[in-house]
Amino acid sequence: MFEGWENFFLMAGGAAAVLIGLIFVVISLMGDRPRSTVLAGSKLYMGPIVLGVSFVLALSAAALTPGIGRCAFAAITGLVAVWGLVRGIMSSIGIGRFTKVHWTDLWFYGVYPCAIYVGLGAVAIAFWMDWRWAHYGLAVAVTLALLLAIRNEWDLITWITPRGEDGDHGDE
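This section reports on the structure supplied with the text. (Residues numbered from 1 in each chain as written. Predicted model: local features only at pLDDT ≥ 70, side-chain atom pairs only at ≥ 80, totals over all residues. Heavy atoms only, no water.)

1. Describing the pattern of salt bridges
Piece 1. Taken as a whole and judged by the stated rule, the model has two salt bridges.
Piece 2. Residue Asp130 pairs with Arg70 through a salt bridge whose shortest N-O separation is 3.9 Å. Linking Asp130 in the loop between helix H4 (103–129) and helix H5 (134–160) with Arg70 in helix H3 (residues 70–97), this pair joins segments that are 60 residues apart in sequence.
Piece 3. Given a relative accessible area of 52%, Asp130 falls into the exposed group.
Piece 4. You can call Arg70 partly exposed: its relative accessible area is 30%.
Piece 5. The salt bridge partner of Arg151 is Asp155, with a shortest N-O separation of 3.9 Å. A residue pair is termed a helical-turn pair when its members lie 3 or 4 positions apart in one helix, as Arg151 and Asp155 do in helix H5 at four residues.
Piece 6. By relative accessible area, Arg151 is classed as partly exposed at 23%. (Salt bridge = Lys/Arg side-chain N within 4 Å of Asp/Glu carboxyl O. Helix = DSSP H or I, 4+ residues; strand = E, 2+ residues; numbered from the N terminus. Buried < 20%, exposed > 50% of the residue type's maximum accessible area, 1.4 Å probe, protein only.)

So this is what it looks like as structure tokens:
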């Protein structure tokens, strides 16, 4: 079903696996943070990143599965889309409750992931209906999810970076 797409899915799945590994490094850097901060942060920020790259890994694996049918792949994609959308809405609501967050947090951890999952839902329908653009829609959704994960992991790392007493990042 995905003849000619093998290299794309190998690259995307490999990138997702590396990003999952990187989030464990990020977590290990949080040892000096209060436990309540780490738990709140992991639920609202790290959890969606891990889930998003896990979805990319799962979709890449499914696409590379020999003999997978169009409808089975559509069902997997639809499940990922619904699960991701629900989680994205939960993140948006959770981040919206905080007053001391950067204005971009709601967009990059809530709204944009929701948009990607809505698009992925359309891709699931396209696979189910056997529309010609489904493969390209999946490639766009997977690429956007990876780029968003890279941006969000960078955001977390810069937040975790130790700050001097006056709030600087120690760049001097």
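2. Section: empty space enclosed by the protein
Piece 1. Within the structure shown, the criterion is met by one cavity of 30 Å³ or more.
Piece 2. Roughly 230 Å³ of volume is contained in the largest cavity.
Piece 3. What lines the largest cavity is a set of 25 residues, and nearest its centre among them are Pro48, Gly52, Pro113, Tyr117 and Ala145.
Piece 4. Top contributing element to the lining of the largest cavity by residue count: helix H2 (residues 35–64), with eight residues.
Piece 5. Residues that form the lining of the largest cavity fall into these classes: 19 nonpolar, five polar and one charged. (1 Å grid on protein atoms, 1.4 Å probe; cavity = no way out; pocket = protein on both sides within 12 Å on 5 of 7 lines; lining within 4 Å. Points joined across faces, edges and corners; volume = space filled by probe spheres on them. Nonpolar A, V, L, I, M, F, W, Y, C, P; charged D, E, K, R; others polar.)

In short, the description is geometric, and any link to function would need to be established separately.
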